[in-house]
Amino acid sequence: MRLEILPVPGIGDVTEGDDLAALITGAAPWLRDHDVLVVTSKIVSKAEGRLVDVPADGPERLAERDRILAGETARVVATRGATRIVQTHHGFVMASAGIDASNVDKTRLVLLPVDPDASARALRADLRDRYGLDVAVIVSDTMGRPWRNGLTDVALGVAGMPAIRDHRGEVDPYGNELFVTQMAVVDELAAAGELIKGKCDQVPVAVVRGYLAATRDDDEGARTLVRDASMDLFSLGTAEARAAGLRAAATLADRIGPEPADPAAVRRAIDAVADVVAPGTVFTHVTDDEVRAGLAATVPGWPASATGLLLGAAPAPVDPADLVRVGADLQRLRAALAAEGVDSTLLPPPSGSTASATLAL
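For clarity, every value in this text was computed on a predicted model and none was experimentally measured.

1. Overview of the overall build of the protein
In step 1: A count of helical and extended segments in the protein gives nine helices and 16 strands.
In step 2: In the protein, buried positions account for 40% of the 361 residues.
In step 3: Considering only intrachain contacts with a sequence separation of at least 6, the fraction spanning at least 24 residues in the protein is 66%.
In step 4: Accessible surface, the protein: about 19,500 Å² in total, of which carbon and sulfur atoms supply 55%.

2. Some thoughts on the sheet that holds strand E4 (residues 73–80)
In step 1: Across the sheet, three strands lie side by side as E4-E5-E6; this open sheet has antiparallel pairing. In this open sheet, the two strands that pair with only one neighbour each are E4 and strand E6 (93–95). Each strand axis lies, on average, 30° off the axis of its neighbour in the sheet, ignoring direction.
In step 2: Alignment of E4 against strand E5 (residues 83–88), held across six bridges, turns out to be antiparallel. Among the inter-strand pairings, Ala 78 is bridged to a residue of E5, identified as Ile 85.
In step 3: Across the sheet, helix H3 (residues 58–72) is in contact with E4 and E5; its angle to E4 comes to roughly 125°.

3. Digging into the packing of aromatic side chains
In step 1: In total, this model carries one aromatic pair according to the counting rule given.
In step 2: Look at Trp 147 and Phe 234: their rings are 5.0 Å apart centre to centre, the planes differ by 80°, and that puts the pair in the edge-to-face class. With a gap of 87 residues between them, Trp 147 in the loop between strand E8 (136–145) and strand E9 (148–159) and Phe 234 in the loop between strand E12 (205–209) and helix H6 (238–250) connect regions that are remote in the sequence. Judged on exposure class, the residue Trp 147 and its partner Phe 234 are both exposed.

4. Some remarks on helix H5 (residues 185–197)
In step 1: Over its 13 residues, H5 runs 18 Å from end to end, which matches the ideal 18 Å to within 8%, given 1.5 Å per residue.
In step 2: Directly after H5, the chain includes Gly 198, whose backbone phi takes a positive value near 70°.

5. As for the sheet that holds E9
In step 1: Pairing is mixed across the open sheet formed by five strands, whose spatial order is E1-E12-E2-E8-E9. The two strands at the open ends of the sheet, each matched to only one other strand, are strand E1 (4–7) and E9. On average, each strand axis in the sheet is tilted by 30° relative to the strand beside it, whichever way the strands run.
In step 2: As paired strands, E1 and E12 are joined by four bridges and run antiparallel to one another. Bridge assignment links Pro 7 to a residue of E12, and that residue is Ala 206.
In step 3: Docked against the sheet, helix H4 (residues 116–131) engages strand E2 (36–40), E8 and E9, running at close to 55° with respect to E9.

6. Considerations on the packing of helix H1 (residues 20–27) against H4
In step 1: Across the interface, H1 lies against H4 with an axial gap of 9 Å and an inter-helix angle of 65°. You can see that H1 and H4 cross each other, and the crossing is right-handed. For the pair H1 and H4, the contacting residues are Leu 20, Ala 21, Ala 22, Ile 24 and Thr 25 in the first and Leu 123, Asp 126, Leu 127, Arg 130 and Tyr 131 in the second.
In step 2: When its residues are assigned to classes, the contact of H1 with H4 shows seven nonpolar, one polar and two charged.

How each quantity is defined
- Residues numbered from 1 in each chain as written.
- Predicted model: local features only at pLDDT ≥ 70, side-chain atom pairs only at ≥ 80, totals over all residues.
- Heavy atoms only, no water.
- Helix = DSSP H or I, 4+ residues; strand = E, 2+ residues; numbered from the N terminus.
- Buried < 20%, exposed > 50% of the residue type's maximum accessible area, 1.4 Å probe, protein only.
- Contact = heavy atoms within 4.5 Å.
- Areas by Shrake-Rupley, 256 points an atom, 1.4 Å probe, with all protein chains shown as cover.
- Pairing = 2+ DSSP bridges.
- Axes fitted to C-alpha atoms, helices over the stretch in contact; angles between N-to-C directions.
- Phe/Tyr/Trp six-rings, centres within 6.5 Å; stacked < 30°, edge-to-face > 60°.
- Expected span 1.5 Å × (residues − 1).
- Left-handed = near helix turned anticlockwise from the far one by under 90°.
- Nonpolar A, V, L, I, M, F, W, Y, C, P; charged D, E, K, R; others polar.

Everything listed here is a matter of coordinates, which is why it stays silent on function.
Printed below as a string of structure tokens:
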């Protein structure tokens, strides 16, 4: 395979109501069937009228931007200072919901297209029906990546080709069957197009030639790239996830009864906090009878419950720093139990007791 990445200069400034198909074909009369057009989402948004008026500067501008951001946000993922990472109503997780203030008048902001897949399909249909061109269309935008510095373009919408190249079921040269390999090829093509579009060169469209042998309509579009919430292991920022876990742990329902907690869930919770608790902390799984016998012998009248965990070691900590450490460890454990869906009630020792802390499940 030999690929070419070609810029489409000369499109100029796009305004609401502009005919993108006419602008693109006018600037690139050399387009061929099976080319892949990578179109910056900003000109799609401008043509579709996805612009909002805001003050040019000052606190009023910030307040209006925050209001607009709230309207474009389905869920807040992480907040650090002025930075907001959110999930849009499309399902994309990105900074500021993709709201853009570059390459637009200072008194306006550009929002993402309402339905980037529909925008890509409409542009592909216009190019086919009016100009006889059978091309694929990718609507792209710039995103950051978790765990990596720098930005890259990704696909928000696509028409004329599948978003993912699925290698599952294929066999590699060593005879190994592939079980999980799915390549986000439209993201790779979007990033390739960005290499020659740039941010300041006013080249909002690139053409990737040589990748497709034929186009194919696919109703899934780019939305197939959005990971289902049930499969998202990183649905919150670290601080937000910890806060959510602590809130859940602080409001766990009491469950004083005969049903023991799921041992596997308890073990997962212990394993989850084992590497972050203070050195010397011991989590010991104890049976129902051991809890009752131990508490009855040392603390008459202490309520015993179902299978529990004993935190700490004898003798019980008396130094204030040790008490703080034990309290922090208990809070971490409660958060981990909450994440596993295990109800718990923290039972502090009665006043004057020297027993270790017990978490009843």
